[in-house]
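Observations on chain architecture
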Amino acid sequence: MKLYAVSDGPPSLAVRMALKALDIPFELVSVNYMIGEHMTDKYAEMNPQKEIPVLDDDGFYLPETVAILQYLCDKYRPDSELYPKDPKARAIVNHRLCFNSAFYYSSISMYALAPIFYDYKRTEGGLKRLHISLATFETYLKRSGTKYAAADHVTIADFTLITATCGLEAINFSLDEYPVLKNWYETFKKEYPDLWAIAEGGMKELAAFEKNPPDLSHINHPIHPVRKN
C-alpha cells in the first residue's frame, strides 16, 4: 500500500493519522507540491482531480480523504471503533466527515491557508464564514455532550477536524471564543500524542510558510491566482 501525500496538507495528515491509529503498514510517497507534481498527466492517471492525497492499494487508486478513511476501516479494520458499525453511530461520524469537507475545512482553508500559498487576501467576509463554521462546530459539540467530535471516543471524523483546525493554529488564530471546541482540540493533543505528532509536524510547516510564503509563481494553476514575486 502507498499513500501519495504532502507533509503539511490537512487531508494528507488525516489519512496518515488513520493509518497509524489502525496500525496499517504503508509506504509514504511524497508529492512535490512546490513544483506542481500533482498537476502532471502522470499524477492524473491516479487522480483526474489532481488533488492530494491518493491511496494506492495494490493498483486500486482511491482519492478523496473521506473515501480513503472509510475504505481503510471497512477493508482492514471492520471492527474498529474508529468507524462504528451501528447505523446511528456511523451516521454521526459520516455527518462530521461531511461537515468538515463541505463547510469547516473549506472555511479554514480559504481564510488561513490559501493566502499563504496563493494571491488571496484574508477578508472580513472570509472571517465571518470562518466564525460561522467554528460556532457551528461548537454547537455540535455542546449538543452531543461527547468528548470527541462524534462519540466519547476518537473516530475518523476527529482526524479530519483536528487537521483542519491545525490550519488555524498555524496562523495563531485564537480559539478562546469557542471553549468547547478548544477543549476538544487540546484534549486530543494530550490523549493521543503519537497521532498529534503527525498533525503537529504539518502545522509547524504551515506556520513557517505563514512567515515566509513559498514562491509558486512558476506554477500555472488552473484555479488559484498565483502570487507574482
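Given the structure is predicted, the values throughout are model-derived calculations rather than measurements.

The next thing to look at is the side chain of Asp 158. Tracing the sequence through the fold places Asp 158 in helix α6 (residues 156-170). Buried charge without a salt bridge: Asp 158, with Arg 96 as the nearest opposite-charge side chain at an N-O distance of 8.1 Å. Polar contacts involving the side chain of Asp 158 include one to the main-chain amide nitrogen of Ala 149, which spans 2.9 Å.

Looking now at the sheet that holds strand β2 (residues 27-30). Read across the sheet, four strands follow the order β2-β1-β3-β4 without closing on themselves; strand pairing throughout is mixed. Looking at which strands have only one partner, the edges of the open sheet turn out to be β2 and β4 (60-63). In this sheet, adjacent strand axes meet at a mean angle of 20° when their direction is disregarded. As paired strands, strand β1 (residues 2-5) and strand β3 (residues 54-57) are joined by three bridges and run antiparallel to one another. Bridge pairing in β3 links Leu 3 to Leu 55.

One way to put it is that helix α1 (residues 10-21) packs onto α6 with a least axis distance of 8 Å and a crossing angle of 140°. Here α6 runs oblique to α1, going by the angle between their axes. Pair α1 / α6 crosses with right-handed handedness. Of the residues in α6, those touching α1 at Pro 10, Leu 13, Ala 14, Met 17, Ala 18 and Ala 21 are Phe 159, Thr 160, Ile 162, Thr 163 and Ala 164. Taken together, the residues that form the contact of α1 with α6 break down as nine nonpolar, two polar and no charged.

Pairing analysis gives four bridges linking β3 to β4, with the strands arranged antiparallel. The residue of β4 that forms the bridge with Asp 57 is Phe 60. Here β3 hands over to β4 after two residues, with Asp 58 in that stretch at a positive phi of 55°.

Taken as a whole and judged by the stated rule, the model has nine salt bridges. In this structure, the salt-bridge partner of Asp 74 is Arg 90, at a minimum N-O distance of 3.4 Å. Highlighted residues: Asp 74 in helix α3 (residues 65-76) and Arg 90 in helix α4 (residues 87-117), separated in sequence by 16 residues. Across the pair Lys 204 and Glu 200 runs a salt bridge, and its minimum N-O distance is 3.7 Å. Taken as a pair, Lys 204 and Glu 200 lie in helix α8 (residues 193-211) at a separation of four residues, close to a single helical turn. Given a relative accessible area of 26%, Glu 200 falls into the partly exposed group. Among the charged side chains, a salt-bridge network with shared partners connects Glu 169, Glu 186 and Lys 189.

Reading the values: rules and limits
Residues numbered from 1 in each chain as written. Predicted model: local features only at pLDDT ≥ 70, side-chain atom pairs only at ≥ 80, totals over all residues. Heavy atoms only, no water. Helix = DSSP H or I, 4+ residues; strand = E, 2+ residues; numbered from the N terminus. Buried < 20%, exposed > 50% of the residue type's maximum accessible area, 1.4 Å probe, protein only. Lys, Arg positive; Asp, Glu negative; His and termini not counted. Salt bridge = Lys/Arg side-chain N within 4 Å of Asp/Glu carboxyl O. Polar contact = N/O pair within 3.5 Å; in protein donor to acceptor, adjacent residues only side chain to side chain. Pairing = 2+ DSSP bridges. Axes fitted to C-alpha atoms, helices over the stretch in contact; angles between N-to-C directions. Parallel < 35°, antiparallel > 145°, perpendicular 65-115°, else oblique. Left-handed = near helix turned anticlockwise from the far one by under 90°. Contact = heavy atoms within 4.5 Å. Nonpolar A, V, L, I, M, F, W, Y, C, P; charged D, E, K, R; others polar.

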